[in-house]
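Notes for the structure review
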Amino acid sequence: MSEENSSRSIAAVERAMDVLLLFGRSGRPDLGVTEIAQELHITKAVVHRILTALRNRDLVLADPVTRRYALGPAAISLGRAYLARTDLRTMAAPELRRLAAQCGETATLSIRRGDTRLYVDQVVPQQELRIEVAIGIPYPLHAGSSSKVVLAFMPEHEIEEYLSRHELEPFTDRTVTDPAKLRKELTVIRRRGYATSTGEREGGSVSAAAPVLGHDGHVVAALSVAGPQTRFKPRMAECVPLLVAAAERISAEFGHRPGTG
């Protein structure tokens, strides 16, 4: 193959990749030929050729009625293969280190396991007085910021099922044990995008947590910053935006886009 033909082939592959990536970032379930041509600044004839090639590989599907295109089973398989290879702890580790350094407090990562939540990683700052968590120990979903943020971003029917199965037992005198009050708080958490806790699970500690969301908008994990109440509570407001931004960056690694959940 001549150098000129090779360059043309590479350009054609790059245009095809641009089309596929457009489907991934558009946030729309399907796209028309004109939309693709306008957004990528290529002719409709070129778009038709690319879509035909992608259809032949099941990377896109065409609706015969609307004549619009959507990602096909082969593209979905690629996405699933990527997600299967993602290691949550590895992806979150840089964000945990950054949060611990920025806030001067313990940064943690938690995941849901059934009706419980457990810590899977933490970065502890060089402070004489500090919070350390127990890795791998299950905690209920109604007490503490990490637990509440996981519960808040679960599907509504799963929240109700959880509340129907469990009494909200107190850990401290600050634990929310009234289901109606907890439901209201979960609504606030979903609206603002993070949860806070002042001594709800452990007296004298303060924490804030934000959700890590998957490509489908479902909660994957909780990212949290926690410290002694006397030191961290006055600084929590300045750390929350850093926490939320870190959780959003990890969510983006899982394919989550704002507005999908």
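So, here is what we can say about the structure in this document. Note that the coordinates shown come from a computational prediction; the quantities given were computed from them, not determined experimentally.

What follows covers the packing of helix α2 (residues 33-40) against helix α3 (residues 44-56). Angle between the axes and distance between the axes: these two values describe a pair of packed helices. Two numbers describe how α2 lies on α3: the axes approach to 9 Å, and their chain directions differ by 115°. Put simply, α2 runs roughly perpendicular to α3. As α2 packs across α3, the resulting crossing turns out to be right-handed. Counting all contacts with α2, which are made through V33, T34, I36 and A37, the residues of α3 involved are K44, V47, H48 and L51.

Most of strand β4 (residues 116-123) is tucked away: 6 of the 8 residues are buried. Here 7 bridges tie strand β3 (residues 106-113) to β4, and the two strands are oriented antiparallel to one another. Following the sheet pairing, L109 is matched in β4 by D121. With antiparallel pairing between neighbouring strands as the criterion, β3 and β4 make up a hairpin whose turn holds 2 residues, including G114 at a positive phi of roughly 65°. Relative to strand β5 (residues 138-140), β4 is paired through 3 bridges, and the arrangement is antiparallel. Bridged to T116 within β5 is P140.

Per the counting criterion, the structure on display carries 13 salt bridges. Of the charged contacts, one joins E95 and R98 as a salt bridge, the two residues approaching to 2.6 Å between their closest N and O atoms. Taken as a pair, E95 and R98 lie in helix α5 (residues 88-103) at a separation of 3 residues, close to a single helical turn. With relative accessibility at 8%, the residue E95 sits in the buried group. Ionic pairing is found between E160 and R183, a salt bridge with its closest N-O pair at 2.9 Å. Of this pair, E160 sits in helix α7 (residues 156-165) while R183 sits in helix α8 (residues 179-192); the two residues are 23 residues apart in sequence, bridging distant segments of the chain. Among the ionic contacts, a cluster of salt bridges with common partners joins D30, E35 and R68.

The next subject is the sheet that holds β3. One open sheet accounts for 6 strands, arranged β5-β4-β3-β8-β7-β6; its pairing is antiparallel. Edge positions in the sheet fall to β5 and β6 (195-198), since each of these pairs with one other strand and no more. The mean angle between the axes of side-by-side strands here comes to 30°, regardless of whether they run parallel or antiparallel. Along the sheet, helix α6 (residues 145-152) makes contact with β3, β4, β5, β6, β7 (205-213) and β8 (219-228), crossing β7 at roughly 30°.

Among the secondary structure elements, F153 is positioned in the loop between α6 and α7. Counting along the chain gives 31 residues from F153 to Q122, while the straight-line C-alpha distance between them is 22 Å.

The next subject is helix α10 (residues 236-253). The first and last C-alpha atoms of α10 sit 26 Å apart over 18 residues, in line with the 26 Å expected at 1.5 Å per residue. Among the residues of α10, those classed as buried are M236, C239, V240, L243, V244, A246, A247, I250 and S251. Looking down the long axis of α10, one finds its buried residues gathered within 165° of arc, a one-sided arrangement. The secondary structure elements touched by the buried residues of α10 are α5, β6, β7, β8 and α9 (229-232). Among the residues trailing α10, G255 stands out with phi positive, at a value near 90°.

Right, let's get into the packing of α5 against α10. Direction vectors running N to C along α5 and α10 enclose 165°, while the axes themselves pass 10 Å from each other. Viewed along their axes, α5 and α10 adopt a mutual orientation that is roughly antiparallel. When you trace α5 past α10, the crossing you get is right-handed. Where α5 approaches α10, its residues L88, M91, A92, E95, R98, L99, Q102 and C103 are matched on the opposing element by C239, L242, L243, A246, R249, I250 and E253. Broken down by class, the residue content of the contact of α5 with α10 amounts to 10 nonpolar, 1 polar and 4 charged.

Analysis parameters
- Every chain begins its residue count from 1, and numbering advances along the sequence as written.
- Given that this is a predicted model, residues contribute local features only at a pLDDT of at least 70 and side-chain atom pairs are listed and counted only at 80 or more, while totals for whole chains, interfaces and linings are drawn from all residues.
- Hydrogens are left out, water is left out, and the side-chain values use all remaining heavy atoms of the structure.
- Note on method: axes are straight lines fitted to C-alpha atoms, helices fitted across the in-contact stretch only, with angles between N-to-C directions ranging 0 to 180 degrees.
- Counting from the N terminus, the helices are the DSSP runs of H or I reaching at least four residues and the strands are the DSSP runs of E reaching at least two.
- Here roughly perpendicular refers to angles of 65 to 115 degrees, roughly parallel to angles under 35, roughly antiparallel to angles over 145, and oblique to all remaining angles.
- Crossing handedness is read from the near helix: turned anticlockwise from the far helix by less than a right angle, it gives a left-handed crossing, and turned clockwise, a right-handed one.
- Note on definitions: a residue-residue contact is assigned when non-hydrogen atoms from the two residues lie within 4.5 Å.
- Here the term buried applies to any residue with accessible area under 20% of the maximum for its type, exposed to any over 50%, and partly exposed to those in between, with areas from a 1.4 Å probe on protein chains only.
- Think of it this way: DSSP has to see at least two bridges between two strands before they count as a pair.
- Salt bridge, as used here, is a side-chain nitrogen of Lys or Arg placed within 4 Å of a carboxyl oxygen of Asp or Glu.
- For a helix, the expected span equals 1.5 Å multiplied by the number of residues minus one.
- An arc is given here, and it is the one of the directions from the helix axis to the C-beta atoms.
- Residue polarity is assigned by list, with Asp, Glu, Lys and Arg as charged and Ala, Val, Leu, Ile, Met, Phe, Trp, Tyr, Cys and Pro as nonpolar; anything else, Gly included, falls into the polar class.

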